[in-house]
Amino acid sequence: MAIATTLKKISTGYSLAWKKEANWTSPPVYLAYSLTRPLAGAMLIWLMATVAGRPPGYLLPAWYSLAAFQIVPAVLGGTSWAILEDRERYQMLKYVYLAPGSAIPYLSGHALARAAQSLFGAVALAAFGAFVLGLRPPEFHPLLLTATLVLGVTLLLFLGLALAGASLHFARHGHFMTESIGGVFLLCSAAIFPVDILPLWMRPVTYASPVTWWLELVRRSLGLKFGSVLSGYSTALILGILGAFCALSIAMGFYGWAVGERKAKWKGLLDATTAY
């Protein structure tokens, strides 16, 4: 019974998030809207590499890294956006707490909806690179890619849950927090620059980022190599590292949400509107 209730809350959150994001226009317009931003960013990478004479071993893995990275800010900010929108714009968060059980499944549904939307954009961007620009990966390992996506989405979802606990205490412009964190991951996770060319002081930050190892597994599932530093690690070892980060993020997510929610209830912030 508890499992069925949890799944229903997840599906409700997923359905509401999908409708809020995608029901404002027709499918062709939404398709164009979903592709404009990631395609613009990816084309900047393509232009940068072309002007630089297309350094060998750069453009192909960088393109697919950037395509996969679309999932990171979407899932990371999914729960925080749910908090800010439902509390500030729609003023519905208090009614979520009237339903039995925890709010975590409802917020997870929002994050999974944004994951599905971003995955659609990532696949479309990868297809554009492969069939329009001729950037085709040499291999494809579907089992490795599936396992990598499951671990990555789980990891980002619970990190986002910890951020959602903090978002309960922020004003409606608190979404800049998740966007800023996504930008840090973009620069420090070997998404557009291989670890080889990063300054030595930045490399420990790169190794400490779970997105670094996640993107490396995504590239390996496509038979791609991005520099020589990370290529010295075996795929099994990177899977273990990513699994450890995933377990750590689950613990951080539950703890961060519990602390933030408890303090928000004590301060009466669940139905607060902060304006600007």
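Here's what I pulled together on the structure shown here. Predicted, not measured: the structure shown is a model, and the values here were computed from it.

What counts and what doesn't
Residues numbered from 1 in each chain as written. Predicted model: local features only at pLDDT ≥ 70, side-chain atom pairs only at ≥ 80, totals over all residues. Heavy atoms only, no water. Helix = DSSP H or I, 4+ residues; strand = E, 2+ residues; numbered from the N terminus. Rg over C-alpha atoms; globule rule 2.2 N^0.38 Å. Buried < 20%, exposed > 50% of the residue type's maximum accessible area, 1.4 Å probe, protein only. Contact = heavy atoms within 4.5 Å. Lys, Arg positive; Asp, Glu negative; His and termini not counted. Charge placed at Lys NZ, Arg CZ, Asp CG, Glu CD. Axes fitted to C-alpha atoms, helices over the stretch in contact; angles between N-to-C directions. Parallel < 35°, antiparallel > 145°, perpendicular 65-115°, else oblique. Core = buried A, V, L, I, M, F, W, Y, C linked by side-chain atoms within 4.5 Å. Expected span 1.5 Å × (residues − 1). Patch = residues over 30% accessible without salt bridge, like charges linked within 9 Å, V, L, I, M, F, W, Y side chains within 5 Å. Areas by Shrake-Rupley, 256 points an atom, 1.4 Å probe, with all protein chains shown as cover. Salt bridge = Lys/Arg side-chain N within 4 Å of Asp/Glu carboxyl O. Phe/Tyr/Trp six-rings, centres within 6.5 Å; stacked < 30°, edge-to-face > 60°.

Some remarks on the overall build of the protein
Part 1 of the argument: The secondary structure content of the protein amounts to 12 helices and zero strands.
Part 2 of the argument: Secondary structure of the protein in N-to-C order comes out as α-α-α-α-α-α-α-α-α-α-α-α.
Part 3 of the argument: For 276 residues, the compact-globule estimate of 2.2 N^0.38 gives 19 Å, and the C-alpha radius of gyration of the protein, at 19 Å, lies within 12% of that figure.
Part 4 of the argument: With respect to the three principal axes, the spread of C-alpha positions in the protein is 55 × 40 × 40 Å.
Part 5 of the argument: By the burial criterion, 46% of the 276 residues in the protein qualify as buried.
Part 6 of the argument: The contacts in the protein between residues at least 6 apart in sequence include a share of 80% that link residues at least 24 apart.
Part 7 of the argument: Computed over 20 positive and 10 negative side-chain charges, the separation of the two mean positions in the protein equals 1 Å.

Quick notes on the packing of helix 5 (residues 78-89) against helix 8 (residues 142-167)
Part 1 of the argument: Where helix 5 contacts helix 8, the two axes come as close as 7 Å, and the packing angle between them is 30°. If you check the angle between helix 5 and helix 8, you find them roughly parallel. The segment helix 5 lies against helix 8, with Thr79, Ser80, Ile83, Leu84 and Arg87 engaging Gly160, Leu161, Leu163, Ala164 and Ser167.

Considerations on the nonpolar core
Part 1 of the argument: Counting residues in hydrophobic clusters, the biggest one holds 49 residues, and the most contacted among them are Val211, Trp214 and Trp257.
Part 2 of the argument: Beyond its immediate chain neighbours, meaning those up to four positions away, Trp214 contacts Ala68, Ile71, Val72, Thr148, Leu149, Gly152 and Leu242.

A closer look at helix 12 (residues 235-267)
Part 1 of the argument: End to end, helix 12 covers 47 Å across 33 residues, agreeing with the expected 48 Å (1.5 Å per residue, within 8%).
Part 2 of the argument: When we look at burial in helix 12, the residues that qualify are Ile238, Leu242, Phe245, Cys246, Ser249, Gly253, Gly256, Trp257, Val259, Gly260, Glu261 and Ala264.

Some details on a nonpolar patch on the surface
Part 1 of the argument: The grouping of Tyr90, Met92, Tyr95 and Leu98 at the surface amounts to a nonpolar patch, some 440 Å² of accessible area in total.
Part 2 of the argument: In this structure, Tyr90 sits in the loop between helix 5 and helix 6 (93-96).

Quick notes on unusual backbone geometry
Part 1 of the argument: A positive phi angle, near 55°, is found at Ala190, a position not held by glycine.
Part 2 of the argument: Residue position: Ala190 is located in the loop between helix 9 (175-188) and helix 10 (203-208).

Let's talk about the packing of aromatic side chains
Part 1 of the argument: Following the criterion strictly, the structure yields five aromatic pairs and no others.
Part 2 of the argument: Where Tyr58 meets Phe226, the ring centres are 5.8 Å apart and the plane angle is 40°; that geometry is what we call tilted. Highlighted residues: Tyr58 in the loop between helix 2 (27-51) and helix 3 (59-69) and Phe226 in the loop between helix 11 (210-221) and helix 12, separated in sequence by 168 residues. Just as Tyr58 is buried, Phe226 falls in that class too.
Part 3 of the argument: Ring plane angle 85° and centroid distance 5.4 Å describe the contact between Trp213 and Tyr233, whose orientation is recorded as edge-to-face. Residue Trp213 is located in helix 11, and its partner Tyr233 is located in the loop between helix 11 and helix 12; the two are separated by 20 residues in the primary sequence.

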